Amino acid sequence: GLSGTIPSELQYLVDLEVLLLDDNELNGTIPTELRTLSSLKRLDLSSNQLKGIIPSELGTLSSLEELKLSQNELNGTIPSELGTLSSLERLDLSSN
């Protein structure tokens, strides 16, 4: 599987609709730069070794329908900004 951190350069893929990086060995934090992916509908970072907080910047992804961050090592609080994601249909934060 993939290892290392999630590159912040993914922020330039502005037309990206689906980003699936689940079931790898990615570590580090979730880059706040992902906020620029305004077309993103599915973001799956589950089953990795991601640490730190869930960035409040993910609340700017207004097209997001599915957000899966389960089975990582995330901590802290669930950002209230996620409550503004009116298109969100599935949110999985389990096993952190």
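Residues numbered from 1 in each chain as written. Predicted model: local features only at pLDDT ≥ 70, side-chain atom pairs only at ≥ 80, totals over all residues. Heavy atoms only, no water.

S.K.: Explain the pairing of strand β3 (residues 25–28) to me, please; I cannot follow it from the model alone.
M.R.: Residues in a regular strand point their side chains to alternate faces of the sheet. Of the pairings in the sheet, the one linking strand β1 (residues 3–4) to β3 comprises two bridges and is parallel in character. Counted as the bridge partner of S3 is E25 from β3. When β3 meets strand β5 (residues 49–52), the two strands line up parallel, connected through two bridges. Across the sheet, the residue bridging to G28 is L50, located in β5. (Pairing = 2+ DSSP bridges. Helix = DSSP H or I, 4+ residues; strand = E, 2+ residues; numbered from the N terminus.)

S.K.: How should I be thinking about the nonpolar core in this particular structure?
M.R.: Soluble, globular proteins show a tendency: their nonpolar side chains are buried together. Residues L43, L45, L58 and L69 are the most contacted members of the largest nonpolar core, which totals 21 residues. Other than its neighbours up to four places away in sequence, L58 contacts L34, L43, L67, L69, L82 and L85. (Core = buried A, V, L, I, M, F, W, Y, C linked by side-chain atoms within 4.5 Å. Buried < 20%, exposed > 50% of the residue type's maximum accessible area, 1.4 Å probe, protein only. Contact = heavy atoms within 4.5 Å.)

S.K.: Please explain the pattern of salt bridges as it appears in this structure.
M.R.: If the charged atoms of two oppositely charged side chains come close together, the side chains can form a pair. Across all of its chains, the model carries three salt bridges by this definition. With its nearest N and O atoms 3.8 Å apart, the salt bridge here joins K68 to D44. A residue pair is termed long-range when its members are at least 10 positions apart, and K68 in strand β6 (residues 66–68) and D44 in strand β4 (residues 42–44) qualify at 24 residues. As far as the burial class goes, K68 and D44 line up, both buried. Its salt-bridge partner being K51, residue E73 comes within 2.6 Å of it at the nearest N-O pair. Linking E73 in strand β7 (residues 73–74) with K51 in strand β5, this pair joins segments that are 22 residues apart in sequence. Classification of E73 by relative accessible area gives partly exposed; the value is 41%. By relative accessible area, which is 42% here, K51 ends up partly exposed. (Salt bridge = Lys/Arg side-chain N within 4 Å of Asp/Glu carboxyl O.)

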